[in-house]
Amino acid sequence: MALLNWNDNLSVKIPSIDEQHKVLINMINRLQDAMSSGDSRAVLGDIFDGLLKYTAQHFSYEEKLFAEHSYPDTEAHKKEHQAFVAKVVDLHKQFTGSSNFMIGVDVMKFLTDWLVNHIQGVDAKYSSHLVAKGVR
Ligand SMILES: [Fe+2]
Ligand SMILES: [Fe+2]
């Protein structure tokens, strides 16, 4: 599976958020890389854990901005975040709970597709609202 590359189609025109999205992309790429080079479960587990924590931080950052700037689509957006966190927590539990559970191509594809679709679909929608409020 190809690594994800940052490109301008992923920009939400808010530098602080673009930076966080780049970190998420890097973490997914690191996981992909560790998986293809056959790194140990301990290494994979650490990266997975980091991804989960950073994702939660990033979602809180966006949600704080929604609250501060009365973003109208807040509830629907938060639901998307919650569903993704629930799914990743579940994958993480399966991974830590069973030595038979592997992070494979299907998991990587899920993470990559979700992130790209979320940034270009749901995140892109807040861009003009937050930019107009002066968020950088
Ligand atoms: Fe985001
Ligand atoms: Fe989001």
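What you see is a predicted model; the values in this text were computed from it and never measured. All residue numbers refer to position in the chain's written sequence, counted from 1. Think of it this way: whatever chain is written first is A, whatever ligand is written first is 1, and the rest follow in order. Reporting in this predicted model follows two pLDDT cut-offs: at least 70 for local features of residues, and 80 or more for side-chain atom pairs to be given and counted; totals over whole chains, interfaces and linings ignore these cut-offs and use all residues.

Overview of unusual backbone geometry
Most peptide bonds are trans, and most residues other than glycine sit at a negative phi. Of note, the phi angle at K13 is positive, near 65°, even though the residue is not glycine. With a phi angle near 40°, S70 is a residue other than glycine that sits in the positive phi range. Helix and strand definitions here come from DSSP, where helices need a minimum of 4 consecutive H or I residues and strands a minimum of 2 consecutive E residues; each element is numbered from the N-terminal end. Assignment of secondary structure puts S70 in the loop between helix 2 (41–68) and helix 3 (74–97). Judged by C-beta crowding, with 9 C-beta atoms within 10 Å, S70 ranks as exposed. To assign burial, the other C-beta atoms lying within 10 Å of each residue's own C-beta are counted, with C-beta atoms placed from the backbone; 20 or more indicates buried, 12 or fewer indicates exposed, and intermediate counts indicate partly exposed.

Some details on the nonpolar core
We define the nonpolar core as any set of buried residues of the types Ala, Val, Leu, Ile, Met, Phe, Trp, Tyr and Cys, connected via C-beta atoms lying within 7 Å of each other. If you look at the biggest cluster of nonpolar residues, it comprises 9 residues: M27, I28, L31, I47, F48, L51, I103, L111 and L115. Elements that contribute at least two residues to this core include exactly helix 1 (15–36), helix 2 and helix 4 (105–132). Residue pairs are scored as contacts if the distance between their C-beta atoms, which are placed from the backbone, is within 7 Å. Among all residues touching F48, those that are not within four sequence positions of it are L31, H92, F95 and I103.

Overview of the packing of helix 2 against helix 3
The angle between two axes is taken between their N-to-C directions and runs from 0 to 180 degrees, where each axis is a line fitted to C-alpha atoms and a helix contributes only its stretch in contact. Relative orientation of the contacting elements helix 2 and helix 3 amounts to 170°, with a least axis distance of 11 Å. In terms of their interaxial angle, helix 2 and helix 3 are classed as roughly antiparallel. Between helix 2 and helix 3 the crossing geometry is left-handed. Residues G45, F48, L52, T55, A56, F59, E63 and F66 of helix 2 form the contact with helix 3, whose own contacting residues are T74, H77, K78, H81, V85, V88, V89, H92, F95 and T96. Here roughly perpendicular refers to angles of 65 to 115 degrees, roughly parallel to angles under 35, roughly antiparallel to angles over 145, and oblique to all remaining angles. The hand of a helix crossing depends on one turn: near helix anticlockwise from the far one by less than a right angle means left-handed, and clockwise means right-handed.

Things to note about the environment of H58
Counting through the fold element by element, H58 comes out in helix 2. Of the residues examined, H58 has 16 C-beta atoms within 10 Å and is grouped as partly exposed. Placed 35 residues apart in sequence, H58 and V23 show a C-alpha to C-alpha distance of 9.8 Å. Residues within four places of H58 in sequence aside, it is in contact with Q20 and L24.

What to know about the UniProt feature "domain: Hemerythrin-like" (unreviewed entry) in the chain
UniProt positions are given in the numbering used here, feature names are shortened, and annotations may be inferred rather than shown by experiment. With numbering aligned to this structure, UniProt lists the feature "domain: Hemerythrin-like" (unreviewed entry) at residues 15–126. Its end C-alpha atoms 14 Å apart, residues 15–126 is made of 86% helix and 0% strand.

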